[in-house]
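Listed here are the chains, written in short residue letters.
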Amino acid sequence: MKKIVCELCDSTEFVKEGGFFVCQGCGTKYSAEEAKSMMREVEGEAAPAAGAPAPVSVPAGNPNQAQIDNILVLATTAYEAQNYGEAENYCNRAIELDAMCYKAWDLKGKAVGWQSKIDNLRIEEASHSFCKAIDFAPEEEKEEIKNQAVEELKKLGLALISLRKQRFSSNPDTAELNGFTSDRKVMLSSLLVLLQHGNAVGMPKGYQEEIATMMNQAGVAALQMTRQAWKGVEHPSKKDFDTYLGWNGNICQLFREAINASDEDEEEDIQRYKNLSIALKEPMDLGVCSYTREWNSYASRYDWVKEYVLSDSAVSIRMKEAADCTTKAAEMEAALAEKKKAEAKKAEEEKRQRIEAYWAAHPEEKNALEAEKGELTSKKDRLASELEKLEQEIAAAEKGKEVKTPSEEEEDRIREQIGELRVRRTHLGIFAGKEKKQIGEEIASLEGRISALGDKIEEEKKARDAEVEKKLAPLKARKEEINGQMEAAAKRIAAIEAEFAKDPE
């Protein structure tokens, strides 16, 4: 049997409205020509043949369930493609067919939330959709849906605060400052509605702290921007002066709000107090003022002169708050250091107690390890004593390389003779030429003998050193063996001590 088959959802259920054929599965409209081209044979529509098994009966339930399932497929596809408006429309169609379709309400909450814009937050609407999903979901799925919805609202809120951070960083005006307050109010109230719906759960861990961090980052970025902008103006006007002070005031206020945003991030607040102190003093550090041109009658020209500056009272107020911030940061740092020290001490004591309790409950294991450690320590001491004696033997054997060979001793005797001959020659008078000549010839002969001994000396030294190394070889091998045994013993002793110190938790 031929029927119109929808190109999007494969539904064969159509109604004619205003000259169009409307798919009851996904709501798509087709012209008569388009509908005609979509006609095709649909399997399973003909009467069953004789003897054929009876068709499977459709279970009782929503008669539109197949249509709803098709719409949800389309809604999910649109959502995954980030076509959030289209996804929302599909969800609404599914809800029209079944007001208790929890999957449609859940997906609608996501689609609605991610269509939020700075000037059109739809987080509250998303929260209420999630609440509907929880209401209509099977009991065993309620908790999981709620947890996912809470996480979704958290991600959505952080994404919007991140966008607000970017805007404030480049334009820290009063509207953007107030935007942080209004955004947070809407996000937190929407989240609280969801948290208190059904089984109440706590605020997502770290959520407020992440928001405070982004607020602080926005303040730092805006402070850097305003600093560069001010330095880029050679002679600021009254408008420049007022704009800068307005920006700076908003930045200071944002730091204050970041400090107060959460009570669970004291360590981060220390830096925020420091940032606030810097921002408060910035106008004085930059010498912020405005300039105007006045006629200089003496020089017959217009000169730039200061026009507006911060009043003494304004400077005093800023400097006092800046000093208070510095003091507060120092106090918090000291308190935090003391707190960490106490926590570390407490943790160490608790660890010690756990270790003691563990070994009290495992005496056999403890005794075995202690006995092994004692044996290893004794072995180490014995090896150390042997090693000391061995090193003395090695040192004594090494001295054998310093013993002169027979040829070296002969060379020393010849050099001694040469020395004596030279002394005799120096004492001869000027008329003893013949005798001096004889001594010179004798010295030359002896030096020749020394030169001839050179190769023999080298051979004897090599033989001597080889003999010494032959004696040293077993001593050095034993030393290496002892060092290896001592290293292994020390390593095992360290492992046992680590085992005794290991936290059983």
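About the cut-offs
Residues numbered from 1 in each chain as written. Predicted model: local features only at pLDDT ≥ 70, side-chain atom pairs only at ≥ 80, totals over all residues. Heavy atoms only, no water. Helix = DSSP H or I, 4+ residues; strand = E, 2+ residues; numbered from the N terminus. Rg over C-alpha atoms; globule rule 2.2 N^0.38 Å. Buried < 20%, exposed > 50% of the residue type's maximum accessible area, 1.4 Å probe, protein only. Contact = heavy atoms within 4.5 Å. Areas by Shrake-Rupley, 256 points an atom, 1.4 Å probe, with all protein chains shown as cover. Lys, Arg positive; Asp, Glu negative; His and termini not counted. Charge placed at Lys NZ, Arg CZ, Asp CG, Glu CD. Axes fitted to C-alpha atoms, helices over the stretch in contact; angles between N-to-C directions. Parallel < 35°, antiparallel > 145°, perpendicular 65-115°, else oblique. Left-handed = near helix turned anticlockwise from the far one by under 90°. Nonpolar A, V, L, I, M, F, W, Y, C, P; charged D, E, K, R; others polar. Pairing = 2+ DSSP bridges. Expected span 1.5 Å × (residues − 1). Core = buried A, V, L, I, M, F, W, Y, C linked by side-chain atoms within 4.5 Å. Salt bridge = Lys/Arg side-chain N within 4 Å of Asp/Glu carboxyl O.

1. Focus on the overall build of the protein
Per the secondary structure count, the protein includes 14 helices and seven strands. Radius of gyration (C-alpha) of the protein: 47 Å, far over the 23 Å computed for a compact globule of 505 residues. Among the 505 residues that make up the protein, the fraction classed as buried is 34%. Pairs at least 24 residues apart make up 68% of the contacts formed inside the protein by residues separated by at least 6 positions. As displayed, the protein offers around 30800 Å² of accessible surface, 51% of which is attributable to carbon and sulfur atoms. Positive and negative charge centroids in the protein, built from 75 and 96 side chains respectively, lie 5 Å apart.

2. Quick look at the environment of Lys 502
Locating Lys 502 in the fold gives a position in the segment after helix 14 (433-501). Given a relative accessible area of 49%, Lys 502 falls into the partly exposed group.

3. A word on the packing of helix 13 (residues 406-427) against helix 14
For the pair helix 13 and helix 14, the least separation of the axes is 8 Å and the interaxial angle reads 165 degrees. When the axis of helix 13 is compared with that of helix 14, the two are roughly antiparallel. The two elements helix 13 and helix 14 cross, and the hand of that crossing is left-handed. Among the residues making up the contact of helix 13 with helix 14, the classes are represented as ten nonpolar, three polar and 16 charged.

4. Examining the pairing of strand 7 (residues 301-309)
Two elements, strand 6 (residues 289-296) and strand 7, share seven bridges in a ladder whose sense is antiparallel. What sits directly across from Thr 292, in strand 7, is Val 305. Linking strand 6 to strand 7, which pair antiparallel, is a turn of four residues; within it Ser 300 sits at a positive phi near 55 degrees.

5. Quick notes on helix 5 (residues 123-136)
The first and last C-alpha atoms of helix 5 sit 20 Å apart over 14 residues, in line with the 20 Å expected at 1.5 Å per residue. All of the buried residues in helix 5 are Ile 123, Ala 126, Ser 127, Ser 129, Phe 130, Cys 131, Ala 133 and Ile 134.

6. Some points on the packing of helix 2 (residues 65-80) against helix 3 (residues 84-97)
The N-to-C vectors of helix 2 and helix 3 enclose an angle of 165 degrees; their axes lie 8 Å apart at closest approach. Taken together, the axis directions place helix 2 and helix 3 in an arrangement best described as roughly antiparallel. Helix-helix and strand crossings are classified by hand; for helix 2 and helix 3 the assignment is left-handed. Here Gln 67, Ile 68, Ile 71, Leu 72, Leu 74, Ala 75, Ala 78 and Tyr 79 of helix 2 come into contact with helix 3, specifically with Tyr 84, Glu 86, Ala 87, Tyr 90, Cys 91, Arg 93, Ala 94 and Leu 97. Taken together, the residues of the contact of helix 2 with helix 3 sort by class into 13 nonpolar, one polar and two charged.

7. A look at the nonpolar core
Membership of the largest hydrophobic core comes to 66 residues, with the highest contact counts inside it found for Leu 153, Phe 168 and Leu 194. The element that contributes the greatest number of residues to this core is helix 6 (residues 139-170), accounting for nine residues. Filtering out sequence-adjacent residues up to four positions away, Leu 153 remains in contact with Ile 123, Ala 126, Ser 127, Phe 130, Ser 190, Leu 191, Leu 194 and Tyr 207. Judged by nonpolar contacts, the second largest core, of ten residues, contains Ile 394, Ala 397, Leu 475 and Met 486.

8. Topic: the side chain of Asp 98
Mapped onto the secondary structure, Asp 98 falls in the loop between helix 3 and helix 4 (102-113). Ignoring any residue separated from it by four or fewer positions in sequence, one finds Asp 98 in contact with Asn 62 and Ile 68.

9. Thoughts on the pattern of salt bridges
With the rule as written, the count across this model stands at 38 salt bridges. Between Lys 320 and Asp 324 there is a salt bridge, with the nearest N and O atoms lying 3.1 Å from each other. Placement of both Lys 320 and Asp 324 in helix 11 (residues 312-361) is noted, with a separation of four residues, approximately one turn of the helix. Among the salt bridges present, the one from Arg 492 reaches Glu 372, with a minimum N-O distance of 2.8 Å.

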